[in-house]
Amino acid sequence: MTGSGPRRPRVIARALRPVPLVLAVLVVVAPTALAAPTTTLPGTAAPADRAGTGLGTPARASWTTGAPSAALPAVEEAEQLATTFEVQQDGSVLVTEQIRWRFPEGEERHGIYRNVQVRAGYRDSETQYRAFELSGVEVTSPSGAPTDIAIEDFGAYRRIRIGSPSETVGAVEDYVVRFRLAHVVNDIGDGTAEFYYDLVDSSNGFPQRQVSATVRAPVAATRAACFYGELGSTTPCEATAGETSQFTVPDLDAEEGASVITSYPRDAFGDLTPDLREGSSDAESGSSLSPATARAVGWLAIGGGVLLPLLAGALMGLLVWNRGRDEQYAGLTPGLQPGRGQEVPVVVGGPAPTVAVQFTPPPGVQPGMVGTIVDEEVNLVDVTATLVDLAVRGHLRIARDDQGVFRADDWVLTRTAPPAGVAALAPYEQTLLDSVFAGGDRVALSQLKNHFKPTLDLVQRLMYEEVVGRGWFRRSPERQRSFYVGLGTLVAAGAVFFAFFVGGGLSALFGDANFPVSPVWVLALGVGASGLVVRALGKRMAARTAAGSAVLAQSKGFERYIATAEANQIRWEEAQDVFSRFLPYAIVFGLADRWANTFEEVAAAAAAAGHTIASPLWYAGSWGSGGFSDVASSMDSFSTVAAGTFVSTPGSSGSSGFSGGGGFSGGGGGGSSGGSW
């Protein structure tokens, strides 16, 4: 992430540019130098590369392969790999691999090995991992090859080494490998359980021929899918769901893999809570110092621990004062902007401007933009209000699914052609509209569940880019805050790491200096406090330009109108149009109910005079004596449901292989690869 750009006065800004780097260097170098090396399997990815972002599944990102397999003759391959999975009610799986292995010509080999994944990342946690406990390993050989077993630990993998060091094998041998993996089945949510397994890991260094799989479970599978190819491929292979699900995979080249997925009713299984375990690290102690040197170094450490938070506070305070306060036009009424060619001085900070009531929103500023300029954040309500605003402007129609076609309390969105002359949509609006209707011109909100979150992130990012493009902020407020918050978090976390994993050993350096408290702990505490100071003050680093402050004043003035509008100010014939156009803004301000109550009074007065106010065209719902209130209440409900849908991700213990398009992405629990030795 990048920090905020230069601000006035420029001389001070230049002097402050090195501040973040100075703060970061305090703790980053030492923990990096002391980090333990990671063991990497030949021909496999390092465990860290497979850390998961979902609930207990490995990350869908590129894996780095280790030593290349090209040094082995190309003739070495698995001539046949037939795998049977017996999924158990407790979420475990019994795996049987029938392997026919062709060994390289002219070279002695003792047997084969199977690398079985037994650990995976859990969300983004750095302190927990998801375990698939391996047990019940058995190996037989129909061809009579040696079947001695040695199981070795390689971090995220268990290597099952098969064969005898004192015996060699023939050119082609058959093996049957059986084992059990616990806690593999995922609870996806919505009453669904899923078995998602990497039949062949993409880190395998040998071709795999005649690859097939069979999956049996306590009940028949409702869905089945299979994908193969290089990492990230969405090429499907043959899959049949049923009491016994069958999969047939085309021949795989080296470093190609395949995943199989089956889905079942959740109530067919027992407890599917993932097996989460804590990680651990070891620390090394340093050598001792002479008493005089220890005392001198100790006082330096103590002084640093005391002064660093004060220094961080002073420097961050200076940054906030010069670069974290809004600009304003000097001499102009709040909300006004200079005319073309007019030069108006700009000041940083100053008293809060007096806000006057505005009867319309800022010209050309949509509800989502108003929400962003008011609190410097793109919130979920800004996105859902944007969707309501697009409906009001004729791009879609919103209806409650009262018939239960999709599910209870669902909402159905129908894309419509906007009236002629409607202004072009902003990039974030067009992206939101196209993404909602990517599957057709009629969609239920429930159909967007579990796979709309990437689109939400993109829309929010485009909204931040929009406020920067309009000149309201010099840099994205999210990036400005995130840089300093991230820096402060890094410094504080580095201090904690230093204290717990290094501090104990370094404290021995000062054993002869007779300090009442170890200087290491004082320094670590000071560095941690510095990080918290940077993090806290960094949240104030987003600042509006003078143009942004003018739009803010207009937005606040319009919010005051929404909060104080009276029924006698609104003409009957304009009521429906005014209510609809301003409703998305009222949703952003949290004043939808207040806005609706005002128009209920308008409707009552109109009815008393024999005038009927028509229902809005963009909303399909009840329209009676409480029409305006019903619409406002429904849009509040719609915004709540939409917000929950947009941020939803797959279930509590694993991500689905069906949602998000599927594909061979290394997302399966477990997973195997192999070779010879």
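Parameters and conventions
- Residues numbered from 1 in each chain as written.
- Predicted model: local features only at pLDDT ≥ 70, side-chain atom pairs only at ≥ 80, totals over all residues.
- Heavy atoms only, no water.
- Helix = DSSP H or I, 4+ residues; strand = E, 2+ residues; numbered from the N terminus.
- Buried < 20%, exposed > 50% of the residue type's maximum accessible area, 1.4 Å probe, protein only.
- Contact = heavy atoms within 4.5 Å.
- Expected span 1.5 Å × (residues − 1).
- Polar contact = N/O pair within 3.5 Å; in protein donor to acceptor, adjacent residues only side chain to side chain.
- Salt bridge = Lys/Arg side-chain N within 4 Å of Asp/Glu carboxyl O.
- Patch = residues over 30% accessible without salt bridge, like charges linked within 9 Å, V, L, I, M, F, W, Y side chains within 5 Å.
- Areas by Shrake-Rupley, 256 points an atom, 1.4 Å probe, with all protein chains shown as cover.
- Pairing = 2+ DSSP bridges.
- Core = buried A, V, L, I, M, F, W, Y, C linked by side-chain atoms within 4.5 Å.
- Axes fitted to C-alpha atoms, helices over the stretch in contact; angles between N-to-C directions.

**Student:** Break down the overall build of the chain for me, with residues and values.
**Tutor:** Counting secondary structure elements, the chain contains 13 helices and 25 strands. Every one of the 677 residues in the chain was classed for burial, and the buried ones make up 50%. By sequence separation, contacts in the chain at least 24 residues apart represent 77% of the contacts at least 6 residues apart.

**Student:** Which residues make up helix α9 (residues 519-538), and what are the values?
**Tutor:** Between its first and last C-alpha, α9 extends 28 Å over 20 residues, near the 28 Å set by a 1.5 Å rise per residue. Regarding α9, the residues found buried are P519, V520, A524, G526, V527, G528, S530, G531, V534 and G538.

**Student:** Describe the side chain of T386, and please don't skip the residues or the numbers.
**Tutor:** Topologically, T386 is positioned in helix α5 (residues 380-392). At a separation of 2.7 Å, a polar atom in the side chain of T386 contacts the main-chain carbonyl oxygen of D382.

**Student:** Now, about the pattern of salt bridges: what can you tell me, with residues and values included?
**Tutor:** Opposite charge on two side chains lets them pair, provided their charged atoms get close. With the rule as written, the count across this model stands at 21 salt bridges. The salt bridge partner of R209 is E77, with a shortest N-O separation of 3.3 Å. Remark: E77 occurs in strand β1 (residues 77-87) and R209 occurs in the loop between β11 (192-200) and β12 (211-216); sequence separation between them is 132 residues. Residue class for R209 comes out partly exposed when judged on its relative accessible area of 22%.

**Student:** Can you explain a nonpolar patch on the surface? Please cite residues and give values.
**Tutor:** Nonpolar side chains collect at one region of the surface, where V306, L307 and L310 lie side by side and expose about 310 Å² of accessible area between them. Its place among the elements puts V306 in helix α3 (residues 291-323). Of the residues examined, V306 reaches a relative accessible area of 47% and is grouped as partly exposed.

**Student:** Tell me what's going on with the sheet that holds β11, and back it up with residues and numbers.
**Tutor:** Reading across from one edge, β10-β11-β17-β13-β14 is the order of the five strands in this open sheet, with antiparallel pairing throughout. If you trace the sheet from one side to the other, it starts and ends with β10 (186-189) and β14 (235-236), each paired once. Judged from the seven bridges that link them, strand β13 (residues 223-229) and strand β17 (residues 257-265) form a sheet pairing that is antiparallel. The partner of R223 across the bridge, within β17, is S263.

**Student:** Describe in detail the nonpolar core, supporting the description with residues and values.
**Tutor:** Of all hydrophobic cores here, the largest spans 71 residues; its most connected members are L413, L583, W595, M635 and F638. Considering every element that reaches this core, the biggest residue donor is helix α11 (residues 572-589), with 10 residues. Of all hydrophobic cores here, the second largest spans 49 residues; its members include V137, A193, A221 and V249.

**Student:** Requested: an account of unusual backbone geometry, with residues and values cited.
**Tutor:** In the Ramachandran plot, D190 falls in the positive-phi region, its phi being about 55° despite a non-glycine side chain. Within the secondary structure layout, D190 lies in the loop between β10 and β11. With a phi close to 65°, E255 is a non-glycine residue in the positive phi region. Note on placement: E255 falls in the loop between β16 (244-249) and β17. Relative accessible area serves as the criterion here: at 37%, E255 is assigned to the partly exposed category.

**Student:** Give me the lowdown on the pairing of strand β3 (residues 111-117), citing residues and values where you can.
**Tutor:** With seven of its seven residues buried, β3 lies for the most part within the structure. Bridging between β3 and strand β8 (residues 157-163) involves seven bridges; their strand directions are antiparallel. Each bridged residue has a counterpart across the sheet, and for Q117 the counterpart in β8 is Y157.

**Student:** How would you summarise the sheet that holds strand β24 (residues 619-620) if you had to cite specific residues and measurements?
**Tutor:** Adjacent strands of a sheet pair through backbone hydrogen bonds, lying either parallel or antiparallel. Here four strands make up an open sheet; going across it, the order is β23-β22-β21-β24 and the pairing mixed. Both outer strands of the open sheet, β23 (442-444) and β24, are each paired with one neighbouring strand and no more. Across the face of the sheet, α5 comes into contact with β21 (396-400) and β22 (411-415) while running at roughly 115° to β21. Contacts from helix α6 (residues 427-436) reach β21, β22 and β23, with the element oriented near 110° to β22.

**Student:** Account for helix α4 (residues 367-375), naming residues and giving values.
**Tutor:** Across the nine residues that make up α4, a large majority, seven, are buried. Burial in α4 covers these residues: P367, G368, M369, V370, G371, T372 and I373. Close packing links the buried residues of α4 with α5, α6, α7 (453-469), α10 (546-564) and α11. Taken from the residues just after α4, E376 is the one with a positive phi, measuring 65°.

**Student:** Let's hear about the environment of A529: which residues, and what values?
**Tutor:** In this fold, A529 is placed in helix α9. Considering only alpha carbons, one finds A529 and A312, 217 residues apart in sequence, at a separation of 8.9 Å.

**Student:** Tell me about the pairing of β16, and name the residues and values.
**Tutor:** Burial of β16 is one-sided: the residues S245, F247 and V249 facing one way are buried, the residues T244, Q246 and T248 facing the other way are not. The pairing of β12 with β16 spans six bridges and is classified as antiparallel. Looking at β16, one finds that S212 is bridged to T248. As judged from the three bridges shared by strand β15 (residues 238-240) and β16, these two strands associate in the antiparallel manner. Within β16, the residue paired with E238 across the bridge is T248. What sits between the antiparallel neighbours β15 and β16 is a turn of three residues.

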